[in-house]
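Chain and residue survey
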Amino acid sequence: FGASLGGPIQKEKTFAFANYEGYRQKLDQTSVTFVPDAASRAAAAPSVRPLLNLWPTPPDGAPDFNGIAQIFSSPPQSIREDFGTICVDRNFSTRDSLAMIYTVDDGADVTATPANPFSTDVLTLREQVLSLEQTHVFSPELLNTFRLGFSRAGYFFTGEPTPGTPAA
């Protein structure tokens, strides 16, 4: 979803444009996990059994690969993305102009780790870019353009215990 708006602020002098885009997703994702099977749990030393019991117990009839069973799950995944741009152009005269563009992207993603049903990956991202451009026409043969830019990004990736599991 999103919206955009643009047009003159001052006729033939100042123009502006703004844009916003948003994205939301909340879905269950199919996941395959390998866990100790019933025979492996029974054969384990008593001191190890509490650790094996942290993993889900495979259902009857689950595919078995020599002590390792395969289970399926559908952990939830949520994604949020917000993106926006603002642009302002100003004509001071037929020889001088200034343009400014600011862009921001902010998002988050929470996804259960497919290989470990007790771990959830949490990703956050925020990027910002600012650009300024000043143009001066000295003559039909001579033009000067000055550009200045600033960019900043923050990317964070963490793992957290999955809610509703023994790890939490």
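Residues numbered from 1 in each chain as written. Predicted model: local features only at pLDDT ≥ 70, side-chain atom pairs only at ≥ 80, totals over all residues. Heavy atoms only, no water.

Focus on the confidence of the model for the protein chain
For the protein chain, per-residue confidence averages 89 on the pLDDT scale, and residues scoring 70 or more make up 95% of the total. Taken element by element, the predicted model of the protein chain shows its lowest mean pLDDT in strand β3 (residues 31-36) (82) and its highest in strand β1 (residues 2-10) (97). (pLDDT = per-residue confidence, 0-100. Helix = DSSP H or I, 4+ residues; strand = E, 2+ residues; numbered from the N terminus.)

Some thoughts on the side chain of D82
Inspection of the secondary structure assignment puts D82 in strand β5 (residues 76-91). In this structure the side chain of D82 is engaged in a polar contact, spanning 2.4 Å, whose partner is the side chain of Y20. For D82, the side chain forms a polar contact with the side chain of R24, separated by 3.0 Å. In this view, D82 contacts Y20, E21, G22, R24, V104, D105 and D106; residues no more than four positions away in its chain are not counted. (Polar contact = N/O pair within 3.5 Å; in protein donor to acceptor, adjacent residues only side chain to side chain. Contact = heavy atoms within 4.5 Å.)

Points about unusual backbone geometry
For E12, which is not glycine, the phi torsion reads 60° and is therefore positive. Following the sequence through the fold, E12 ends up in the loop between β1 and β2 (14-28). Of the residues examined, E12 reaches a relative accessible area of 59% and is grouped as exposed. The phi torsion at N66 lies on the positive side, around 50°, for a residue other than glycine. Locating N66 in the fold gives a position in the loop between α2 (49-52) and β4 (68-73). (Buried < 20%, exposed > 50% of the residue type's maximum accessible area, 1.4 Å probe, protein only.)

Description of the pairing of β1
Among the 9 residues of β1, 0 are classified as buried, and the element is accordingly described as predominantly exposed. From the end of β1 to the start of β2, which pair antiparallel, there are 3 residues, and E12 there has a positive phi angle of about 60°. (Pairing = 2+ DSSP bridges.)

Details of the pattern of salt bridges
Applying the stated criterion across every chain, the model contains 5 salt bridges. With a shortest N-O distance of 2.6 Å, E133 and R147 are connected by a salt bridge. With E133 in strand β7 (residues 119-139) and R147 in strand β8 (residues 142-161), this pair connects stretches of sequence that are 14 residues apart. Of the residues examined, E133 reaches a relative accessible area of 28% and is grouped as partly exposed. Taking the relative accessible area as the measure of exposure, R147 reaches 61% and is therefore exposed. Linked through salt bridges whose partners overlap, the residues forming this network are R24, R80, D82, D106 and R126. (Salt bridge = Lys/Arg side-chain N within 4 Å of Asp/Glu carboxyl O.)

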